[in-house]
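Listed below are the residues making up each chain.
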Amino acid sequence: MIQLTVNGKTEKLDVSPEMPLLWAIRDTLGLTGTKFGCGVAQCGACVVHLDGEAVRSCVTKMSRAEGKNVVTIEGLSENNDHPAQKAWQEIDVPQCGYCHSGQIMSAAVLLRENPNPSDQDIDDAMAGNICRCGTYPRIRKAIHLASEMQGKSRT
Ligand code: FES
Ligand code: FES
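How each quantity is defined
Residues numbered from 1 in each chain as written. Chains lettered and ligands numbered in written order. Predicted model: local features only at pLDDT ≥ 70, side-chain atom pairs only at ≥ 80, totals over all residues. Heavy atoms only, no water. Core = buried A, V, L, I, M, F, W, Y, C linked by side-chain atoms within 4.5 Å. Buried < 20%, exposed > 50% of the residue type's maximum accessible area, 1.4 Å probe, protein only. Helix = DSSP H or I, 4+ residues; strand = E, 2+ residues; numbered from the N terminus. Domains from an automatic or database assignment. Contact = heavy atoms within 4.5 Å. Buried area = accessible area lost by both parts, 1.4 Å probe. Pairing = 2+ DSSP bridges. Axes fitted to C-alpha atoms, helices over the stretch in contact; angles between N-to-C directions.

1. Here we look at the nonpolar core
Argument step 1. Among the nonpolar cores identified, the biggest contains 22 residues, and Trp88 and Ile143 are the most heavily contacted of them.
Argument step 2. Elements represented by at least two residues in this core include exactly α3 (83-91), α4 (100-113), α5 (119-126) and α6 (136-154).
Argument step 3. Sorting elements by how many residues they give to this core places α4 first, with six residues.
Argument step 4. Residue contributions to this core reach at least three from each of two domains, namely domain 1 (2-74) and domain 2 (83-154).
Argument step 5. The contacts of tryptophan 88, once residues within four sequence positions are left out, are Val93, Pro94, His100, Gln103, Ile104, Ala107, Ile139, Ala142 and Ile143.
Argument step 6. With 15 residues, the next largest nonpolar core counts Ala24, Leu50, Val55 and Met62 among its residues.

Encoded structure:
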């Protein structure tokens, strides 16, 4: 049994320590917001938070996640109201949508670590999140808007 916390809930999963965390999230727990893209750490569709750090769950073994706190897009906020989620909706960022759970999870870490990122900071931080539909200009715009929203909520 591997015990971990997922979106605030303790889970005990009867899975192999070698299993990718992404499999456990999607197939064992049925949380399908996190996507499988490349499976080899190249696209960012599978990004989740592991103890607050953005990780690629397709290449994160369950042995690494054991005892840790995992947050998926479903658990990022109470009512889909994380500033990044609100900004994504306001700007209407997604095209096909497939990459955006990973994009938002990466953006959320960026916004925590650097609340007021420049264009270059955004491009650097988000470089590992691929969007085949090319929504990059809207992603950048949404991160700036989320940064503003975050600033307002702090004042
Ligand atoms: S599915 Fe994990 S990085 Fe592409
Ligand atoms: S919106 Fe289609 S891959 Fe990003």
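2. Focus on the domain arrangement of the protein
Argument step 1. Each assigned domain of the protein is listed with its residue range as follows: domain 1 (2-74) and domain 2 (83-154).
Argument step 2. Placing the centre of domain 1 and that of domain 2 at their C-alpha centroids yields a distance of 21 Å.
Argument step 3. Across the boundary between the two partners, domain 1 contributes 18 residues, which contact 13 residues of domain 2.
Argument step 4. Buried surface at the junction of domain 1 and domain 2, both sides included, amounts to about 1200 Å², of which 55% is carbon and sulfur.
Argument step 5. Ranking the residues of domain 1 by area buried against domain 2 places Val47, His49 and Ile73 at the top, with a combined share of 39%.

3. Notes on the sheet that holds strand β1 (residues 2-6)
Argument step 1. Reading across from one edge, β2-β1-β5-β3-β4 is the order of the five strands in this open sheet, with mixed pairing throughout. The sheet is open, and its two edges are formed by β2 (9-13) and β4 (53-56), each paired on a single side. On average, adjacent strands in this sheet sit at an angle of 40° to one another, irrespective of strand direction.
Argument step 2. The sheet contact formed by strand β3 (residues 47-50) and strand β5 (residues 69-71) spans two bridges and is antiparallel. Across the sheet, histidine 49 pairs through a bridge with valine 71, a residue of β5.
Argument step 3. Sheet contacts for α4: β3, β4 and β5; angle to β3, the most-contacted strand, approximately 40°.

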